[in-house]
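Here are the chains, one letter per residue:
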Amino acid sequence: MELFIILGLLATAFALVFAKRLSALVGSFSLQSFFLVLLSLREAVRGAHLDLYIIAGLVLALKVLIIPRILLNMIKEIKANENLGFFINPQLSLLVALGLIYLSWAFSSLVFAHQETLVKVYGAVSFTIISLGLFIMVFRIKALAQIVGLLAMENGIFLLASAVSGGMPFLVEMAIFFDVFVGVIILGVFVYRINKLFVGIDIDKLNRLRG
Amino acid sequence: MLKIPFSFVFDPLSIFFLIIIIAISISSFIYSWGYLQGHYSTAKIILGQILFVLFVFSMIAVVTAGNIFLFLIVWEIMSLVSYFLVIFDTENKKSIEAGTIYMVMTQVGTAFLLMAFLLMYRAAGSFDFNAIHAALITMSAKQKNIIFLLLLAGFGTKAGIVPLHIWLPIAHPQASSHVSSLMSGVMIKTAVYGLIRFGIIILGVNSLWWGELIVVLACVSCLVGVIYALMENDIKTLLAYSSVENMGIILLGIGSAMIFIKLGFTVLAVLAMCAGLYHLINHAIFKGLLFLGAGSVYRATGTRNIERMGGLIQKLPWTSIYFLIGSMAISALPPLNGFVSEWLILIVFFLGALAITGGLKLFFCLAAGALALTSGLTAACFVKAFGLPFLGRARSAKAENAKEVPWSMNLGAGLLALLTILLSLGAVYTVRFLVGVSGFVLAVNTSQINFSLNRFILSPQIGGTINLSTPILALILLLAGSGAFILFYLLYGKARVVIGQTWDCGYYKLTSRNEYTATGFSKPFRLAFSFFLLPFRKVTKIKESRYHVKSFSYETKTTKVFREYLYKTILGGAFGVSRNMRGLQLGSIHIYLGYICLTLLLLIIFVGKF
């Protein structure tokens, strides 16, 4: 089960990097969030905490269902070109991602030097997801990729918190969910406005604000 | 949550500063009612007075705060409130500019202090003065040196030590006069308090060069301050530069006390500290008095330019008496208090040079030379500051129509004039009190140290032959003066006085423009110190014929070396760096995100190194 979740999280992270279409990107994100739900459920079953069930439910509702739905609707509505737009093509991105995994592993084994191997692995996976999320934000042109990248980074942080340090306090977790939700809505509004103003959501066109 | 520890100290040093703060602020407060009345709306006057009271309380808190945390907070409150008082005249663009420069400099100073305090806190693990003092005893000399330099830079900015004085002559004149008197009289003294409290009491003098550095900086401040003051034609700016000079004199005393205590000459150290503190209280009082006087002149004439005044002794008799007393005291004319303190510092230098062997002998002789030169130049400066506005004939219609100021202003200034005279005549009592304070500061038992023969005669060299008695000196001068007056009166009488025109070689058209000008007065000094002042001079004549000049214009100005070469370079460098940094800002969101990504990667890669 442990191995399954870890592999799933990693695979979906790679899927995010390799995705060529907007809907594939959103789908991969949804799948990644689903593995997080599995992780939370496993923790909940083991710890028999009501809080963890609620959190798992919320992840399922928000990140697996509602947010991807919102994003997909947005893509449909603004009739965006399905093509993501790359600064670095998927093949090369995959190579970079491999390098990032190695870095994350090295970092994780440095930070969690005195912990058991499983913790190191979880640490490495979460650092990988965070850095790949950032990677997507930097090297993909369409504004939606930035949103998904940010959400993926948030997933990585969630993973780090729940797998390595046994989860954040319930209240903090709730606040973060709320933040993410509001963030997606606001970013969605921005994407609509960008689409209207610039006839497209390629954010490399937003380059006039400079000193 | 961090709890702000409230603790206060009321030791002799704090009480000494409390006395100064209360004496000056009461006089300024009385003065302020007359000064503000009728020039601002009632709401603004109330606002000004609230700020004023807040300012006074923040200064009281600064000198009584019992731990560094509280000290830093009230120190900042003091800076902020004084900033608002500097820009009180909000319609005036100059005030805003002056306020900005003041704000920047004072924040730079506080940054240094913050660093010093954090180092102290790290060593002690406590904010409390006593705990820090105990913890610092075991600190290494190198760290102590760093803390001392940080403290010197931080408090030096507030004290206006050259080259950190730049804000002082800009900000002080822009505040209302009663606030200037408080800022120049008291606020900058809190920096001396800080230096004594943290540098001497808490840190403890660790190396000889601390005192030497302070004395050298003080000599430079003295000379630079007085030379600039001499060039200045704006009466309040002149007084502000003179504050720079007097802070230098105060620090001469304190710096040499640090040298003596390190060398083990405890009696001399007490005398030096005592002289420094004496000059501190003197300067607080007569500079306060002079600023109030300058404010009265400003209210009466509507200008601060000395060139447009003249003959005010007729219009403002009270103000001119106060201003004369203040000028005489600051010029160190016997028997007034300025003379006593500067004389004491000179004696300290001479006794130091006699007691010490080696290079320091020469060092003290040079310091004494610098002080003597400063003292002479100060006298010249205040001949100008008093003579040109008050004597002669009015140089403008404004000065012609000047009216005596309200009684509250005269009362406020009068109190300070009275204090000046009391401090002069009661020199022995003052020194006795200050010996106690100095003994506390330097941790010396002063019960055996007595610098006076009896209630009237000071004798700084214990068992020596150097004596000074201000009451007797005053009596002699009074008798000699009145004797000479009576003699002349008997010889010539009132009837012999004839009032007529000045002889003008038959020109018959002398106007007030033919009077000696302030610029003309300072010309010899401009030439003598031209290597430092770098004066610029431009003369244009328009001639009708070879023999008749139709118009003539003369323009001169001096270069402010520190502003021109030091601060402009720093500012230019900062702006240059900023302009180059703008290359990073390309406008592309992806590149900005890339910066974040890169930083994260570098942090991950180099995490082991930190």
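All values reported here derive from a predicted model rather than from experimental measurement.

Calculation rules
- Residues numbered from 1 in each chain as written.
- Chains lettered and ligands numbered in written order.
- Predicted model: local features only at pLDDT ≥ 70, side-chain atom pairs only at ≥ 80, totals over all residues.
- Heavy atoms only, no water.
- 1 Å grid on protein atoms, 1.4 Å probe; cavity = no way out; pocket = protein on both sides within 12 Å on 5 of 7 lines; lining within 4 Å.
- Points joined across faces, edges and corners; volume = space filled by probe spheres on them.
- Nonpolar A, V, L, I, M, F, W, Y, C, P; charged D, E, K, R; others polar.
- Helix = DSSP H or I, 4+ residues; strand = E, 2+ residues; numbered from the N terminus.
- Domains from an automatic or database assignment.
- Pairing = 2+ DSSP bridges.
- Axes fitted to C-alpha atoms, helices over the stretch in contact; angles between N-to-C directions.
- Parallel < 35°, antiparallel > 145°, perpendicular 65-115°, else oblique.
- Left-handed = near helix turned anticlockwise from the far one by under 90°.
- Contact = heavy atoms within 4.5 Å.
- Buried < 20%, exposed > 50% of the residue type's maximum accessible area, 1.4 Å probe, protein only.
- Expected span 1.5 Å × (residues − 1).
- Polar contact = N/O pair within 3.5 Å; in protein donor to acceptor, adjacent residues only side chain to side chain.
- Phe/Tyr/Trp six-rings, centres within 6.5 Å; stacked < 30°, edge-to-face > 60°.
- Salt bridge = Lys/Arg side-chain N within 4 Å of Asp/Glu carboxyl O.
- Buried area = accessible area lost by both parts, 1.4 Å probe.

Enquirer: Got a sec to walk through empty space enclosed by the protein? Specific residues and values, please.
Expert: All names here are of chain B. Applying the stated criterion across every chain yields a total of three cavities of 30 Å³ or more. The calculated volume of the largest cavity comes to roughly 50 Å³. Lining the largest cavity are His165, Ile166, Pro169, Tyr228, Tyr241, Lys560, Phe562 and Arg563. Partitioning the lining of the largest cavity into residue classes produces five nonpolar, one polar and two charged. In this structure, the second largest cavity encloses a volume near 40 Å³. Taken together, Trp75, Tyr102, Met105, Thr106, Gly109, Thr110, Gly154, Thr157, Lys158 and Trp167 make up the full set of residues lining the second largest cavity. Residue assignment for the lining of the second largest cavity shows that the elements contributing at least two residues are α4 (93-124) and α6 (141-159). Considering every element that reaches the lining of the second largest cavity, the biggest residue donor is α4, with five residues. Tallied by class, the residues present in the lining of the second largest cavity amount to four nonpolar, five polar and one charged.

Enquirer: Summarise the domain arrangement of chain B; cite the residues concerned and give the values.
Expert: What the domain assignment lists for chain B is domain 1 (1-206) and domain 2 (565-609). Centre-to-centre, using C-alpha coordinates, domain 1 of chain B lies 35 Å away from domain 2 of chain B.

Enquirer: Lay out the pairing of strand β1 (residues 536-543) of chain B in plain terms, naming residues and giving numbers.
Expert: Residues and elements named next belong to chain B. The pairing of β1 with strand β2 (residues 549-557) spans eight bridges and is antiparallel. Of the residues in β2, the one forming a bridge with Ile542 is Ser551. Following β1, the chain reverses through five residues before pairing antiparallel with β2.

Enquirer: Give a description of the packing of helix α10 (residues 235-263) of chain B against helix α11 (residues 266-301) of chain B that names residues and reports values.
Expert: At a minimum axis separation of 7 Å, α10 of chain B and α11 of chain B run at an interaxial angle of 170 degrees. Considered as vectors, α10 of chain B and α11 of chain B are oriented roughly antiparallel to each other.

Enquirer: Tell me what's going on with the packing of α10 of chain B against helix α14 (residues 337-355) of chain B, and back it up with residues and numbers.
Expert: Residue and element names in this part refer to chain B. Where α10 contacts α14, the axes come no closer than 10 Å and their chain directions differ by 30 degrees. As the angle between them shows, α10 and α14 are arranged roughly parallel. Between α10 and α14 the crossing geometry is left-handed. On α14, the residues touching Ile249, Leu252, Gly253, Ser256 and Phe260 of α10 are Glu342, Ile345, Val348, Phe349 and Gly352. Counted by class, the contact of α10 with α14 contains six nonpolar, three polar and one charged residues.

Enquirer: Lay out the side chain of Ser522 of chain B with the relevant residues and their values.
Expert: All names here are of chain B. Relative to the assigned elements, Ser522 resides in helix α20 (residues 518-528). On the basis of relative accessible area, Ser522 is assigned to the buried category, the value being 0%. In contact with Ser522, not counting residues within four places along its chain, are Leu230, Met231 and Lys384.

Enquirer: An account of helix α6 (residues 143-164) of chain A is needed here, citing residue identities and associated values.
Expert: Counting along an α-helix, one turn takes 3.6 residues, and residues three or four places apart therefore face a common direction. All names here are of chain A. Here α6 contains 22 residues, and its C-alpha end-to-end distance of 32 Å stays within 8% of the 32 Å for a straight helix at 1.5 Å per residue. Taking burial as the measure, the 22 residues of α6 include 18 buried ones, the bulk of the element. Residue Gly166 follows α6 closely and has a positive phi angle near 75 degrees.

Enquirer: Residue-level account of the side chain of His590 of chain B, with values.
Expert: Among the secondary structure elements, His590 of chain B is positioned in helix α23 (residues 589-605). A distance of 3.4 Å separates a polar atom in the side chain of His590 of chain B from a polar atom in the side chain of Gln146 of chain A. If sequence neighbours within four positions are ignored, His590 of chain B has contacts with Phe87, Met137, Val138, Arg140, Ile141, Gln146, Ile203 and Asp204 of chain A.

Enquirer: Hey, could you go over the layout of surface pockets for me, with residue numbers and the actual values?
Expert: Residue and element names in this part refer to chain B. Roughly 640 Å³ of internal volume is contained in the largest pocket. Lining of the largest pocket is provided by 22 residues; of these, Lys94, Glu232, Thr237, Lys560 and Arg563 occupy positions nearest its centre. Where the lining of the largest pocket is concerned, the elements lending two or more residues are α4, α7 (168-174), α10, α20 and β2. Taken together, the residues of the lining of the largest pocket sort by class into seven nonpolar, six polar and nine charged. By volume, the second largest pocket is sized at about 490 Å³. In this structure, the second largest pocket is lined by 14 residues; those nearest its centre are Glu307, Arg513, Thr517, Thr519 and Tyr554. Counting residues per element, the ones that place at least two in the lining of the second largest pocket are α20 and β2.

Enquirer: Just give me the short version of the packing of aromatic side chains, but keep the residues and values in it.
Expert: All names here are of chain B. For the structure on display, the rule yields 42 aromatic pairs over all chains. Seen from their ring centres, Tyr102 and Trp167 are 4.9 Å apart, and the 35 degrees between their planes marks the pair as tilted. One end of the pair, Tyr102, is in helix α4; the other, Trp167, is in the loop between α6 and α7, and 65 residues separate them in sequence. Overall, Trp167 belongs to the buried group, its relative accessible area being 1%. Their ring planes at 10 degrees and their centres at 5.2 Å tell us that Phe260 and Phe364 sit as a pair that is stacked.

Enquirer: I'd like a rundown of the environment of Glu82 of chain A, residues and numbers included.
Expert: Residues and elements named next belong to chain A. Looking at the element boundaries, Glu82 is found in the loop between α3 (50-77) and α4 (90-111). The spatial distance from the C-alpha of Glu82 to the C-alpha of Ala124 is 32 Å, given a sequence separation of 42 residues. Beyond its immediate chain neighbours, meaning those up to four positions away, Glu82 contacts Lys20, Arg21, Leu22, Ser23 and Ile75.

Enquirer: How would you sum up the pattern of salt bridges? Please name residues and give values.
Expert: Pairing is possible between side chains that carry opposite charge, provided their charged atoms lie close to one another. All names here are of chain B. Within this structure, the stated rule accounts for nine salt bridges over all chains. Salt-bridge contacts for Arg304 lead to Asp234; the nearest nitrogen and oxygen are separated by 3.0 Å. One end of the pair, Arg304, is in the loop between α11 and α12 (312-315); the other, Asp234, is in the loop between α9 (208-231) and α10, and 70 residues separate them in sequence. With a closest N to O distance of 3.1 Å, Lys568 and Glu564 form a salt bridge.

Enquirer: Go over the interface of chain A and chain B with me, naming the residues and quoting the values.
Expert: In this complex, chain A contributes 18 residues to the contact, which on the side of chain B involves 18 residues. Taking both sides of the interface into account, the surface hidden between chain A and chain B amounts to around 1,600 Å²; carbon and sulfur atoms contribute 78%. The interface formed by chain A and chain B contains zero salt bridges. Those elements that provide at least two residues to the side of chain A that touches chain B are α4 and α5 (117-139) of chain A. With four residues, the single largest contributor to the side of chain A that touches chain B is α4 of chain A.

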